[in-house]
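Overview (structure and organization)
If you want the building blocks of each chain, they are given just below.
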2 protein chains.
Amino acid sequence: MNEENVKVQMRKGILEYCILAILSREDSYAPKIIAELKAAQMIVVEGTLYPILTRQKNAGLLTYRWEESPQGPPRKYYMLTEAGRQQLAMLDEAWEELVEQIKVIRGK
Amino acid sequence: MNEENVKVQMRKGILEYCILAILSREDSYAPKIIAELKAAQMIVVEGTLYPILTRQKNAGLLTYRWEESPQGPPRKYYMLTEAGRQQLAMLDEAWEELVEQIKVIRGK
DNA sequence: GATTGAAATATTGCATAACAAGGCTTACTG
DNA sequence: CAGTAAGCCTTGTTATGCAATATTTCAATC
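Procedures and definitions
Chains are numbered independently. Their residues run from 1 in the order of the written sequence. By the order in which they are written, chains take letters starting at A while ligands take numbers starting at 1. Predicted model: local features are reported for residues with pLDDT of at least 70 only, side-chain atom pairs are reported and counted for 80 or more only, and whole-chain, interface and lining totals are derived from all residues. To get the side-chain values, all heavy atoms of the structure are used, and hydrogens and water are removed first. Near is defined per residue: the residue qualifies when any heavy atom it owns lies within 4 Å of the molecule or strand. For this analysis, a polar contact is any N or O atom pair within 3.5 Å, provided that within protein one partner can donate a hydrogen and the other can accept it, and provided that sequence-adjacent residues contribute only side-chain to side-chain pairs. In DSSP terms, a helix is any run of H or I states spanning at least four residues, a strand is any run of E spanning at least two, and both are numbered starting from the N terminus. The nonpolar class holds Ala, Val, Leu, Ile, Met, Phe, Trp, Tyr, Cys and Pro. Asp, Glu, Lys and Arg form the charged class, and all remaining residues, Gly among them, are polar. Superposition of the copies used a least-squares fit over C-alpha atoms from residues whose pLDDT is at least 70 in both. Contacts were defined at the residue level, with two residues in contact if any of their heavy atoms lie within 4.5 Å. Accessible area that two parts lose when put together, evaluated with a 1.4 Å probe and summed over both, is termed the buried area. For this analysis, a salt bridge means a side-chain nitrogen from Lys or Arg found within 4 Å of a carboxyl oxygen belonging to Asp or Glu.

Looking at DNA strand C, there are 30 residues lining it, with Pro31, Arg75 and Lys76 of chain A together with Arg11 and Thr48 of chain B nearest. Close to the protein, within 4 Å, the atoms of DNA strand C are drawn from sugar and phosphate at a rate of 66%. Within the side chain of Tyr29 of chain A, an N or O atom sits 3.4 Å from a phosphate oxygen of DNA strand C. The separation between a phosphate oxygen of DNA strand C and a polar side-chain atom of Tyr50 of chain A is 2.8 Å. Elements with a contribution of two residues or more to the surface near DNA strand C: helix 3 (30-39), helix 4 (46-58) and strand 2 (75-80) of chain A together with helix 1 (3-11) and helix 4 (46-58) of chain B. Broken down by element, the residue count for the surface near DNA strand C peaks at 5 residues, all from helix 4 of chain B. Its residues placed into classes, the surface near DNA strand C shows 14 nonpolar, 8 polar and 8 charged.

Structural data, given as structure tokens:
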């Protein structure tokens, strides 16, 4: 297991949390979401993001609307549903728990 | 995606970190490692732990020795190698980075 | 008007990880 | 010597992230 793979594995499942968090601040579309994740030093590619967005939409956590773009094809703006907001709150708790668990195990 | 699945996914790759951290304090064997994780509210089953220990041993991060048990068959005590200690230090950094990234994204 | 290029959407195939379920071996105890 | 507990391990399933690629839309240029 090399270093990059470790980081990939550590992030698994956490991306779902990050995407809901980003959408909770402002409706957004795929390339912008990727840019925001990148700004937080969290590199994500399209092949990763699109399936997550589709899963979350199918789970009723997100909906979307089409919006014209100044250049190029229209953008698919995603936004949280009420269920999405509840899921985000749950993931907030799960994340806090995980951080606490690691603190206990690491002895810090 | 239900709540349990979310937690499973969030933990991916992090278990590897936890196991190295536990072994850095004291050599240990599988059932005891599981008990320590459970004490930190991190439930792990044998079918998860054994493959990780084998992977880490094959990667040169761990070695083991056999030790008699007061009752039952002998125990396989795992211990960190120098490479394992280095990996642990690297995972410490990766974890800190991840926590920082989430803080940025979550806006807390 | 045809072509090129960029922006945006989306899918497919692969590698890996966690878990459920079950099996195997060793030692102690009645 | 039969039963039980402790300990070790493997197989099959499912889900995830990613590389690679395809498709669509629009604008600008030739």
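Let's shift gears to the relation of the copies chain B and chain A. Here chain B sits on chain A after a turn of 180 degrees about the axis and a move of 0.0 Å along it, with an RMSD of 0.1 Å. What the superposition gives is, in effect, a two-fold axis relating one chain to the other. Among all residues of chain B, the one whose C-alpha sits closest to the rotation axis is Lys12 of chain B, at a distance of 2.9 Å. The residues that chain B uses at the interface reappear at the interface of chain A in 97% of cases, marking a shared surface.

A few words now on the interface of chain B and chain A. Facing the 39 residues of chain B at the interface are 38 residues of chain A. Both faces considered, chain B and chain A share a buried interface measuring about 3,500 Å² in area, 68% of it formed by carbon and sulfur atoms. Together, Met10, Ile105 and Arg106 of chain B form the three largest contributors to the area buried by chain B at its contact with chain A, with a combined 22%. On the surface where chain B and chain A come into contact, there are 2 salt bridges. Note that Asp92 of chain B and Arg106 of chain A form a salt bridge whose closest N and O atoms lie 2.8 Å from each other.

Bear in mind that shape data such as this cannot, by itself, settle questions of function.
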